[in-house]
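Inside the fold
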Amino acid sequence: MPGHTIAEEFPMPTQTINGRSAATFSEFDVINPATGAPFAKAPSASKAQVDEAFEAALAAYPGWRADEGLRRAKLLEASAAIAEAAGELTGILAEESGKTTQFAAFEAPVAAGWLGYYAGLELSREVLQDDEKARVEVVRRPLGVVGAITPWNMPIGLAFFKIAPALRAGNTVVLKPSPFTPLSTLRVGEILRDILPPGVLNIVSGGDDVGRWIVEHPVPRKISFTGSVAGGTAVNVAAAADLKRVTLELGGNDAAILLEDVDLTEIAPGLFWSAFFNNGQACALIKRVYVPRALYADAVEALADVARGTVVGDPADPATQLGPLATLPQFESVSGLVDHALAGGAKAATGGTRIDRPGYFYEPTIVCDIEDGTPLVDEEQFGPALPIIAYDDVDDAVSRVNRSTFGLGGSVWTADVERGQDIAERLDVGTTWINTHASLAPTVPFGGLKHSGLGVENGPWGLYAYTELQAVHVNRGVPGPTAG
Ligand code: NAD
């Protein structure tokens, strides 16, 4: 269209620094994965702007920390504002991530729900001693300024796994979203500008370099990172040089183990959507399925049948169940893993190819006749391609699952819940489910073992992760040192 510019189509949201819109000195394209073409621009933070954001967060910290009542009230106001803006945020998110409306609509309520939950959560003082000699208490104090970094697969929801507990505990925050999906998070910053005191929540955007500046900056006392194992490892190394605390929520390669008593017809849809939610692009989804050999052919066919019946297409069409993958690198990674498996002798029970249209569309794919040792089984595919592996002995299946360097989640599917729980508890993972997968709640701790991360988010444990213990000892005896 002559004279039609990207900026006219989609107004660029700005960064939020010290409660104001920050100037844009440079910008980058944001791609719509459903077309593969740029549809908007996002600002790229300069190093000076990262400094400004941390200065603002540091200046805001004493006032924010001092008034717990204000913090709770502001978190509730922020929750209401996000809930009110849910429709707008869902639209932006759908366009930048390729999510269907159904998956995009999932996130603003998560943000609002997490803010509401943490607003109501108590941070109590523990009294260890209260007698004629002394009163000794343990207090959980905030850490100071927190640097937060998020990935592209669930930008708004995962941001609030960090923002809500960090702010509730009395910290101030500088957050950077993924360069693939910056717009919805920037818009959240704009919405909350009028609610939170200046400097309490700063949102900057840009590429991995901006993330590195955040981690290396001397002001933040903690880095909370969600993303890849490679990114998280780099963050951990850089943070260690300054003894910054970290929470790392990293990749997963969750297994589902089916026992021989399952009713395949009953579980197939739930099992399928526990792997293909958001096109397989979430950390704690089923990434590999272990099936007793006697059930193998039927299980493959049951899952392939659900896959064949799934509507893939334009994410804006309400009839669509799966849209495109969110990024070109992810699309290439998933198709490469499937091509490699098929070239090695595995079979696609359904799918296995790219869809011939603009954008990053891939057929929902069920891969069978595949073994451990194949990258599609051993690595995190993070996309719509699910390998199904046969097993002869459930103890052997458990040890094969546990051989992974990942340890995020896992599930057991069975009619015998007690036996299922016994097996599930033997999985070396942060969360284990029986007859479901990837069910998350603000009250339940979520985190990974091994390379899947360090620490947890959510629940009171997620709040404690933004605090440090301080012992407060009031001597009631003779002034001076006391023993014991
Ligand atoms: P990524 O590691 O490439 O990027 C994540 C974020 O980190 C981005 O904002 C990026 O700009 C920034 N970044 C990258 N390198 C950095 C560095 N050295 N220092 C500072 N910042 C850096 O991850 P991604 O591709 O955006 O996300 C997908 C990954 O996230 C998958 O592995 C997925 O499993 C994982 N994930 C984990 C969870 C969880 O809770 N465990 C949740 C969602 C996604």
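Small disclaimer: the values here were computed from a predicted structure and weren't measured. (Residues numbered from 1 in each chain as written. Predicted model: local features only at pLDDT ≥ 70, side-chain atom pairs only at ≥ 80, totals over all residues. Heavy atoms only, no water.)

1. Quick word on the overall build of the chain
Stated formally: Counting from the N terminus, the helices are the DSSP runs of H or I reaching at least four residues and the strands are the DSSP runs of E reaching at least two. In this setup the radius of gyration rests on C-alpha atoms only. A globule is expected at 2.2 Å times the number of residues raised to 0.38. Exposure classes here rest on a 1.4 Å probe applied to the protein chains alone. A residue is buried below 20% of its type maximum, exposed above 50%, and partly exposed in between.
A tally of helices and strands in the chain yields 17 helices and 22 strands. Rg of the C-alpha trace for the chain: 24 Å, near the compact-globule value of 23 Å for 484 residues, within the 12% margin. C-alpha atoms of the chain, sized along the principal axes, occupy 75 × 70 × 40 Å. A buried classification covers 55% of the 484 residues belonging to the chain.

2. Quick notes on the packing of helix α7 (residues 155-169) against helix α8 (residues 183-192)
Operational definition: Orientation is described by axes fitted as lines to C-alpha atoms, over the contacting stretch for helices, and by angles from 0 to 180 degrees between their N-to-C directions. By definition in this entry, angles of less than 35 degrees are roughly parallel, angles greater than 145 are roughly antiparallel, angles of 65 to 115 are roughly perpendicular, and the rest are oblique. Crossings are classed by handedness, with left-handed meaning an anticlockwise turn of the near helix from the far one by less than a right angle and right-handed meaning a clockwise turn. Contact between two residues is taken to exist if any of their heavy atoms lie within 4.5 Å; hydrogens are not considered.
It is at 9 Å that the axes of α7 and α8 come closest, and there the two elements cross at 55 degrees. Here α7 is positioned oblique relative to α8, judged by the angle of their axes. Helix-helix and strand crossings are classified by hand; for α7 and α8 the assignment is right-handed. Across the interface between the two elements, Pro155, Ile156 and Phe160 from α7 touch Ser184, Thr185, Val188 and Leu192 from α8.

3. Examining the sheet that holds strand β5 (residues 126-130)
Note the cut-off: DSSP bridges decide pairing: two strands pair if at least two such bridges lie between them.
Spatial strand order, β5-β6-β22: three strands in an open sheet with antiparallel pairing. Every other strand in the sheet has two partners, leaving β5 and β22 (467-475) as the edge strands with one partner each. When the angles between neighbouring strand axes are averaged without regard to direction, this sheet yields 20 degrees. Sheet topology note: the strand β6 (residues 134-142)/β22 ladder contains nine bridges and is antiparallel. Paired with Ala134 across the strands is Asn475, a residue of β22.

4. As for unusual backbone geometry
Within the chain, Asn279 stands out as a residue other than glycine whose phi angle is a positive 60 degrees. With respect to the helices and strands, the residue Asn279 is situated in the loop between α11 (264-276) and β13 (286-292). On the basis of relative accessibility, which here comes to 3%, the residue Asn279 falls in the buried class.

5. Things to note about the site of the ligand
Selection criterion: For this description, a residue counts as near a given molecule or strand if any of its non-hydrogen atoms is within 4 Å of it. Polar contacts here mean pairs of N or O atoms no more than 3.5 Å apart (in protein, one a potential hydrogen donor and the other a potential acceptor; neighbouring residues in sequence count only if both atoms are side-chain atoms). Using a 1.4 Å probe, the Shrake-Rupley method yields the accessible areas, and only the shown protein chains count as cover for residues. Lining residues are defined by having an atom within 4 Å of a point belonging to a cavity or pocket. Those points lie on a 1 Å grid over the protein atoms alone, cavities being sets where a 1.4 Å probe fits but cannot get out and pockets being open sets with protein on both sides within 12 Å along at least five of seven lines. The rule for placing a molecule in a cavity or pocket is simple: more than half of its atoms must lie within 2 Å of the grid points.
Surveying the vicinity of the ligand reveals 31 residues, the closest of which are Lys176, Asp208, Ser228, Leu250 and Glu380. The contact in question runs from an oxygen atom of the ligand to an N or O atom on the backbone of Thr150, over 2.9 Å. At 2.7 Å from an oxygen atom of the ligand is found a side-chain nitrogen or oxygen belonging to Asp208. Coverage of the ligand by the protein chains reaches 91% of its 850 Å² of free accessible surface. Of all the cavities here, the one that holds the ligand is the largest pocket.

6. As for helix α12 (residues 296-308)
Keep this limit in mind: Multiplying one less than the number of residues by 1.5 Å gives the expected span of a helix.
The end-to-end C-alpha distance of α12, which contains 13 residues, comes to 18 Å, matching closely the 18 Å that a straight helix rising 1.5 Å per residue would cover. Within α12 the residues assigned to the buried category are Tyr296, Ala299, Val300, Ala302, Leu303, Ala304, Val306 and Ala307.

7. Considerations on empty space enclosed by the protein
We apply this condition: Grid points are joined across faces, edges and corners, and a volume is the space filled by probe spheres set on the points. We call Asp, Glu, Lys and Arg charged. Ala, Val, Leu, Ile, Met, Phe, Trp, Tyr, Cys and Pro are nonpolar, and the rest, Gly among them, are polar.
One pass over the full model with this rule turns up seven cavities of 30 Å³ or more. Counted as a void, the largest cavity has a volume near 80 Å³. Lining the largest cavity are Thr16, Gly19, Gly189, Leu192, Arg193, Leu196, Pro197, Pro198, Gly199, Val200, Leu201 and Ile203. Listing elements by their share of the lining of the largest cavity, those giving two or more residues are α8 and β9 (201-203). Class assignment for the residues of the lining of the largest cavity results in seven nonpolar, four polar and one charged. Around the second largest cavity sit 14 residues that line it, and Arg288, Val401, Phe406, Gly407 and Val429 are the ones nearest its centre. When contributions to the lining of the second largest cavity are tallied by element, the ones reaching two or more residues are β12 (254-258), α15 (394-402) and β17 (406-407). Among the residues forming the lining of the second largest cavity, the class breakdown is five nonpolar, five polar and four charged.

8. Here we look at the UniProt feature "domain: Aldehyde dehydrogenase" (unreviewed entry) in the chain
Heads up, the condition is: UniProt positions are given in the numbering used here, feature names are shortened, and annotations may be inferred rather than shown by experiment.
Taking the numbering used here, the UniProt-annotated feature "domain: Aldehyde dehydrogenase" (unreviewed entry) corresponds to residues 26-472. The annotated region residues 26-472 carries 41% helix and 22% strand content, and the separation between its end C-alpha atoms amounts to 49 Å.

9. A closer look at the pairing of strand β11 (residues 245-249)
To keep things clear, this is the line we draw: A crossover gets the label right-handed when its path from the first strand over the helix to the second runs clockwise, viewed with the strands pointing away from the viewer.
With respect to burial, β11 is a largely interior element, four of its five residues being buried. Of the strand pairs in this sheet, strand β10 (residues 222-226) and β11 are connected by five bridges, and their pairing is parallel. Opposite Phe225, over in β11, you have Leu248 as the bridge partner. Crossover connection from β10 via helix α10 (residues 229-240) to parallel β11: handedness right-handed. Examined bridge by bridge, β11 and strand β21 (residues 453-454) share two bridges and lie antiparallel to one another. Bridging from a neighbouring strand, Leu248 pairs with Leu454 of β21.

10. So, the environment of Ala397
The residue Ala397 is located in helix α15 in this model. What makes Ala397 buried here is its relative accessible area of 0%. Considered as a pair, Ala397 and Tyr290 are 107 residues apart in the sequence and their alpha carbons are 7.0 Å apart.

11. Digging into the pattern of salt bridges
Heads up, the condition is: Each reported salt bridge corresponds to a side-chain nitrogen of Lys or Arg within 4 Å of a carboxyl oxygen of Asp or Glu.
Under the defined criterion, the tally for this structure stands at 25 salt bridges. Here Arg135 and Glu137 are joined by a salt bridge, their closest N and O atoms 3.4 Å apart. The class of Glu137 is buried, set by a relative accessible area of 10%. As a salt-bridge pair, Arg212 and Asp209 come within 3.0 Å of each other at their nearest N and O atoms. Taken as a pair, Arg212 and Asp209 lie in helix α9 (residues 208-216) at a separation of three residues, close to a single helical turn. Judged by relative accessible area, which is 43%, Asp209 ranks as partly exposed.

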